[in-house]
Amino acid sequence: MRISLEKAHQLLLSGHVVAVPTETVYGLAASIDRPGAIDKIFALKGRPADNPLIVHLANKEQISNYASAFPEGFFELADHFWPGPMTVVLPANKEMVPNQARAGLPTVAFRIPQHSLALALMEWVGPLVMPSANLSGKPSSTCKEHVEADFGSHFPVLDGGTCGHGLESTILVHKNGKWCIGRLGAIPPKAFAQVLGYTPVSLIEKSKPVCPGQFHKHYSPKAQLHLTDDPYGCSGVVVGFQDRSYPKASKVFNWGKLSQPQTVAENLYKVLRQLDQEGISEAWVDMDFPPEGLWLTIGERLSRASQRD
Ligand code: TXA
Ligand code: MG
């Protein structure tokens with residue numbers, strides 16, 4: 001249910017949870033000063049208590065209240081990439097960041113989103129703790145209708161239209177003196193080299209991921225996805241490119257052109273959700289795209305989405 005900025009402000013301050021748009025995906029927001037509302041987020045999503053949430057801020061000045069240390073390079077990263085789809089994990093000021101938001105960790109993840117409604121709301125309410133606005137394990141929400149599909153048509157949504165990026169933020173973690181990628185996202189790893197002087201390496205493949213969310217099932221529609229890098233091998237229901245033909249396909253869900261990874265990213269969760277809306281039980285996904293830039297994130301999300309429990 002669409003609500004005004006005023007209503008969102010009022011609900012958040014009275015300890016309720018509302019959905020808030022960002023430039024990446026919609027978030028399920030609680031005020032950082034309402035621990036009871038933070039508990040509600042975990043209950044609503046069915047989110048495991050060991051998976052911490054991101055603290056969203058309106059401006060860089062607010063961070064000094066909530067973080068206790070700033071590793072080398074942090075301020076340069078913040079100046080260059082905020083507001084924007086970068087999340088940075090820092091040592092927490094434990095007194096200021098509720099334990100359940102951090103899942104008991106001594107660190108906390110921060111982000112300043114680039115969305116005028118989210119920023120206006122946080123200037124008013126203060127920092128918001130928010131995970132993506134989807135049921136745990138399911139594809140994220142990139143529009144109001146997705147949020148309502150997961151949480152009901154009466155769930156309060158600050159409607160900011162369709163999210164521009166369509167993929168979650170890139171998470172950076174500082175380890176052994178260097179910034180590393182904890183989760184691939186809307187900013188490709190190479191883009192950080194212009195600020196850091198090196199491309200952060202990925203910690204995702206390691207047996208013990210640094211972002212607890214990487215342990216859990218994610219982004220999955222009910223439909224079983226079969227990933228293939230042979231477009232001509234795709235048959236039956238196919239998720240693929242507008243400018244490719246799939247001779248053996250009975251139906252194609254197209255997410256855009258191969259030349260436009262940003263459009264594919266924007267459509268990714270919408271297409272995964274459409275499979276479920278149309279009751280599709282299995283689909284072949286065309287993975288024949290280059291392993292670089294935004295495609296790295298798109299490929300990672302699809303690979304996670306195809307995993308069964
Ligand atoms: O774009 C985004 O980041 C969106 C929008 C709403 O801002 N949010 C989002 O939140 O994707 P969520 O909860 O779906 O994913 C947060 C990820 C999880 O993988 C979690 O484990 C990780 O951030 N995370 C949070 N706090 C952390 C910490 N202290 N250390 C390492 N990873 C952390
Ligand atoms: Mg999520």
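Worth saying up front: this structure is predicted, and the values here are computed from it rather than measured. (Residues numbered from 1 in each chain as written. Chains lettered and ligands numbered in written order. Predicted model: local features only at pLDDT ≥ 70, side-chain atom pairs only at ≥ 80, totals over all residues. Heavy atoms only, no water.)

Here's the deal with the site of ligand 1
No. 1: In the vicinity of ligand 1 lie 26 residues, with Thr 24, Asn 51, His 56, Ser 169 and Gly 213 positioned nearest.
No. 2: A distance of 2.7 Å separates an oxygen atom of ligand 1 from a polar atom in the side chain of Thr 24.
No. 3: Between ligand 1 and Arg 47, the relevant distance is 2.9 Å, taken from an oxygen atom to a side-chain nitrogen or oxygen of the residue.
No. 4: Residue assignment for the shell around ligand 1 shows that the elements contributing at least two residues are strand S4 (54–56) and strand S6 (107–111).
No. 5: A total of four residues in the shell around ligand 1 trace back to one element, the largest contributor, which is S6. (Near = heavy atom within 4 Å. Polar contact = N/O pair within 3.5 Å; in protein donor to acceptor, adjacent residues only side chain to side chain. Helix = DSSP H or I, 4+ residues; strand = E, 2+ residues; numbered from the N terminus.)

Examining the pattern of salt bridges
No. 1: On inspection of all chains with the given rule, the structure shows twelve salt bridges.
No. 2: Residues Lys 60 and Asp 79 are paired through a salt bridge, measuring 2.9 Å at the closest nitrogen-oxygen approach. Here Asp 79 lies in helix H4 (residues 74–81) and Lys 60 lies in the loop between S4 and helix H3 (63–66), a separation of 19 residues in the sequence.
No. 3: With a closest N to O distance of 3.4 Å, Lys 251 and Glu 278 form a salt bridge. Of this pair, Lys 251 sits in strand S13 (residues 248–254) while Glu 278 sits in the loop between helix H9 (261–277) and strand S14 (282–286); the two residues are 27 residues apart in sequence, bridging distant segments of the chain.
No. 4: Using a relative accessible area of 37% as the deciding quantity, one classes Lys 251 as partly exposed. (Salt bridge = Lys/Arg side-chain N within 4 Å of Asp/Glu carboxyl O. Buried < 20%, exposed > 50% of the residue type's maximum accessible area, 1.4 Å probe, protein only.)

Structural notes on the side chain of Arg 304
No. 1: Note that Arg 304 resides in helix H10 (residues 294–305).
No. 2: Looking at Arg 304, the relative accessible area reads 7%, which means it is buried.
No. 3: The residues touching Arg 304, leaving out its near neighbours within four places in the chain, are Gly 213, Gln 214, His 216, His 218, Tyr 219 and Ser 220. (Contact = heavy atoms within 4.5 Å.)

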